[in-house]
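Residue-level structural notes
Here's the letter readout for the chains.
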Amino acid sequence: MRKIVAKTGNEAMAEAMRQINPDVVAAYPITPATEIVQIFSNFVNNGQVDTIFVPTESEHSAISACVGASASGARVMTGTSSQGLALMHEILFVAGGLRLPIVICEVNRALSSPINIHCDHSDTMASRDAGWIQIFSENPQEAYDQTILAMKLSEDLFLPSMVTTDGFIISHAMQKLEMYDDKEVKDYLGEPKTPFNFLNLDDPITVGPLALQDYYMEIKVQQSKFINESKKKIINILQDFNKRMGRNYKVVEDYFMEDAEYAIVCLGSTAGTARYVVENLRKKGEKVGLLKIRFYRPFFDEQIMDILKNLKGCAVLDRSDMFASTGGHLFNDVKSALYASQKHPIIRDYIYGLGGRDIDIEDIEEVFKDIKEFSTNKNEEFVKYITVRE
Amino acid sequence: MASIKELASKGNLFAPGHRACAGCGGTIILRLVAAAAGENTVFIGATGCMEVASTIYPYSAWKVPFLHNAFENSAATASGVESAYRALKKKGKITKDINIIAFGGDGGTYDIGLQSLSGAMERGHKLLYICYDNGAYMNTGIQRSSATPFGANTTTSPAGSVIKGKTQQRKDLSEIMVAHNIPYVAQASLFYWNDLVEKVKKALKVDGPSFINILSPCPLGWGYDPSETIELSELAVATHFWNVYECENGKYKVNIKPKKEKPLEDFLFKQQRFKHLKNNPEILEQLRAFLKEKYENLLKKEEISAR
Ligand SMILES: Cc1ncc(C[n+]2csc(CCOP(=O)(O)OP(=O)(O)O)c2C)c(N)n1
Ligand code: SF4
Ligand SMILES: [Mg+2]
């Protein structure tokens, strides 16, 4: 039976992990993701899952153990955040290159220095090129759903996935959650699947070899091609998930975009606030809309272009900076996506909320005002920092 | 005890045709370890000469499953393999008993991989970790490691006119492993191949983590003729440069106590990396004193732990 409960983002992800029942979880604590594995180790020690829990001595070893376990045919998960994800960085590429279906519950948190435990997206963005699926969650329900979905995607596509929530804003905020029956999740996922099994003695294989100038390029182009093709498959798997579970998720989600003249593009929890502002402005007759990016990797550039191309002005909200003088990560991706269109709006980047700085309704209303003005009179820089103390 | 015939009868699980240098001690070690462990074994290797030389795509020297993840994490990776193995065995998806052997060079083990190794040993995974210690980062061109002997010339501790080779004594990794209170720790030499093979077998029977450190002569990095690998392996033990011993559940045993001890010079001056010590006797004496003390301490530990 399904049940309605109240859970934080971390609790929701831990519950999803319990229902997924991985063979191996290897993890290391870090705020604000610690709770996920704390709760999960209770599930392990109380016999609620069959999982072998490996409390490693670092995140580097956690993801390394995940690679070893996944290569051995096991269903594998971990959780981390910020410095932890940064410490995993090297091995994220190994997992991507070997196409191992590992799922990370990642809680978005700022990177040092200065050290800061609160939300921004710099950690997840820094690992966007590792060949992983990256999914952002707006609330605990999405975090829960998407953790289950990610396991499905990873095992069907043989791509690792990270599902992210916004540190504290979602990870520690309690909201209503509809949980599926344990059996529903079990039936949905079926038996674990991995692309190969290193422990199969009857078919001994060498995994992770050295490939030089004569083969490396082909191997990497295959990886890239597959990720390209995976976009269609992701859409199909998501549609199937919606049908089975009664959800209505899309890879990128448009609100009031049909006739919108101005719109905000954003990720994660900020979409909730932005949607509220859009609804209010619509009531006042303003033609505004919102595009929430659910899947950041792979990047659904065609869908995004289609939705945005007829706007007059497009405001991208970035909770991370590339420190390249060219704005944030999402801005650069959206801008590139729009290049393919004959017609495109004026686009401006609003970098906000670094290190957990609040963004509220007024800030977003202000963004709509600004993009309107900027679209007719763009005499300022394309990258604007907001929610900054003067 | 295994006979050479017996070992050779099963064919090479680590096959010829790899790209290591002629006379490479590391490949002899891997071949012996694989032969001792047998077919139901998987290997997890760290980046380094042995991994690079044995798995150049689309070829592989491994007739048993082999997994390479990265440089500093073969122990952590193996701990994941072992956890998967336990989980899948519990579920009945794996029925065979499988030996899990992780290995790394001295760089991948004493230095960059020490944390990962320590973690895996402390967590008690049932796996054997083999360090093939050739005393430097050979794969990247003979840079010093914490296993490089005192005084040795490497490309990052060159024998210059002012500073003459490495200025620190070797880290004693085997004793660090003993301090992890794991059931089995040993040092071996490929000259005493039978001892080495028995140690691998013993280690694989232990219910928990085990560690074997094996001196791995490297003609390129040490600067000697490839035909002398075995002779140098013997000399290293006969001069107490390398001690062959084990520590089983806290009890030490010095397996090889050379009857005819040889002067340290016999070992050192066969190698280019020590040739500058001929003109720097004070360095040589410091090395000699360090090695003497190590061996004497080992004998004391054997005596004390036998009580
Ligand atoms: C994180 C990281 N740093 C550096 C390297 C470069 N690297 C590859 S192998 C190696 C040295 C290996 O030395 P050792 O473990 O002693 O093995 P050997 O080559 O001597 O057999 C180094 C420095 C790497 N691959 N990864
Ligand atoms: S450099 Fe040394 S360790 Fe590396 S393959 Fe050659 S002999 Fe073996
Ligand atoms: Mg070495």
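Residues numbered from 1 in each chain as written. Chains lettered and ligands numbered in written order. Predicted model: local features only at pLDDT ≥ 70, side-chain atom pairs only at ≥ 80, totals over all residues. Heavy atoms only, no water.

Some remarks on the overall build of chain B
A count of helical and extended segments in chain B gives 12 helices and 8 strands. Relative to the 2.2 N^0.38 estimate, which gives 19 Å for 307 residues, the radius of gyration of chain B is 19 Å and therefore close to what a compact globule would have. Each principal axis of the C-alpha atoms in chain B carries an extent, and together these give about 65 × 55 × 40 Å. Counting over 307 residues, chain B shows a buried share of 60%. Residue pairs in contact within chain B that sit at least 24 positions apart in sequence constitute 70% of those at least 6 positions apart. The average position of the 38 basic charges and that of the 30 acidic charges among the side chains of chain B differ by 4 Å. (Helix = DSSP H or I, 4+ residues; strand = E, 2+ residues; numbered from the N terminus. Rg over C-alpha atoms; globule rule 2.2 N^0.38 Å. Buried < 20%, exposed > 50% of the residue type's maximum accessible area, 1.4 Å probe, protein only. Contact = heavy atoms within 4.5 Å. Lys, Arg positive; Asp, Glu negative; His and termini not counted. Charge placed at Lys NZ, Arg CZ, Asp CG, Glu CD.)

Things to note about the domain arrangement of chain A
Residues and elements named next belong to chain A. Taken domain by domain, chain A comprises domain 1 (3-245) and domain 2 (252-385). Between the C-alpha centres of domain 1 and domain 2 there is a distance of 28 Å. Contact with domain 1, which involves 30 residues of that partner, is made by 27 residues of domain 2. Buried surface at the junction of domain 1 and domain 2, summed over both partners, amounts to about 2200 Å²; 60% is from carbon and sulfur atoms. Ionic pairing is found between Arg275 and Glu138, a salt bridge with its closest N-O pair at 2.7 Å. Counting residues per element, the side of domain 1 that touches domain 2 draws most heavily on helix 8 (residues 216-245), at 6 residues. A per-class count over the side of domain 1 that touches domain 2 returns 15 nonpolar, 8 polar and 7 charged. (Domains from an automatic or database assignment. Buried area = accessible area lost by both parts, 1.4 Å probe. Salt bridge = Lys/Arg side-chain N within 4 Å of Asp/Glu carboxyl O. Nonpolar A, V, L, I, M, F, W, Y, C, P; charged D, E, K, R; others polar.)

Section: the site of ligand 1
Around ligand 1 there are 18 residues in total, and Gly107(B), Gly108(B), Tyr132(B), Met138(B) and Asn139(B) lie nearest to it. Surrounding ligand 1 are residues belonging to chains A and B, so the site spans chains. Asn134(B) is positioned with one of its side-chain polar atoms (N or O) 3.1 Å from an oxygen atom of ligand 1. Contact with the protein chains removes 77% of the 580 Å² of surface that ligand 1 exposes when unbound. (Near = heavy atom within 4 Å. Polar contact = N/O pair within 3.5 Å; in protein donor to acceptor, adjacent residues only side chain to side chain. Areas by Shrake-Rupley, 256 points an atom, 1.4 Å probe, with all protein chains shown as cover.)

Focus: the side chain of Thr194(A)
All names here are of chain A. Looking at the secondary structure, you find Thr194 in the loop between helix 7 (182-189) and strand 9 (206-207). Note on Thr194: relative accessible area 18%, which makes it buried. A distance of 3.1 Å separates a polar side-chain atom of Thr194 from the backbone oxygen of Phe196. Every residue in contact with Thr194, bar those within four places of it in the chain, is listed here: Ser70, Gly73, Ala74, Pro101 and Phe158.

Points about the coordination of the magnesium ion (ligand 3)
Geometry reference: four tetrahedral donors at a metal, ideal angle 109.5 degrees. Six octahedral donors, ideal angles 90 or 180 degrees. Residues and elements named next belong to chain B. Here the magnesium ion (ligand 3) is held by Asp106 (OD), Asn134 (OD1) and Ala136 (O), and the distances to it run 2.0 to 2.1 Å. Each donor residue of the magnesium ion (ligand 3) lies on the same chain, and together they follow the pattern D-x27-N-x1-A. Here Asp106, found in helix 5 (residues 106-111), pairs with Ala136, found in the loop between strand 4 (128-133) and helix 7 (173-178); they are 30 residues apart in sequence, far enough to count as distant. Assigned by exposure class, Asp106 and Ala136 land together as buried. (Donors = N, O, S within 2.8 Å, 3.2 Å for Na, K, Ca; no water.)

Observations regarding the packing of aromatic side chains
What the rule picks out here adds up to 22 aromatic pairs over all chains. Relative to Phe241(A), the ring of Tyr188(A) has its centre 5.6 Å away and its plane inclined at 70°; by these criteria the two rings are edge-to-face. Taken as a pair, Tyr188(A) in helix 7 and Phe241(A) in helix 8 lie far apart in primary sequence, 53 residues in all. Take Tyr188(A) and Phe241(A): they sit in the same class, and that class is buried. An angle of 80° between the planes, with centres 6.2 Å apart, marks the rings of Trp222(B) and Phe267(B) as edge-to-face. Separated by 45 residues along the polypeptide, Trp222(B) in helix 9 (residues 219-223) and Phe267(B) in helix 11 (residues 264-268) bring together distant segments of the chain. (Phe/Tyr/Trp six-rings, centres within 6.5 Å; stacked < 30°, edge-to-face > 60°.)

What to know about the interface of chain B and chain A
Counting from both sides, the interface comprises 46 residues of chain B and, opposite them, 41 residues of chain A. Note on chain B versus chain A: buried area summed over both sides is about 3300 Å², and carbon and sulfur give 65% of it. Summed over the three residues of chain B that lose the most area to chain A, namely Tyr57(B), Pro65(B) and Arg123(B), the buried surface amounts to 17% of that side. If you look at where chain B meets chain A, you find 4 salt bridges. The residue Lys93(B) makes a salt bridge to Glu191(A) at a minimum N-O spacing of 2.6 Å. In this structure, the connection of chain B to chain A is made through 15 residue pairs in polar contact (both at pLDDT 80 or more).

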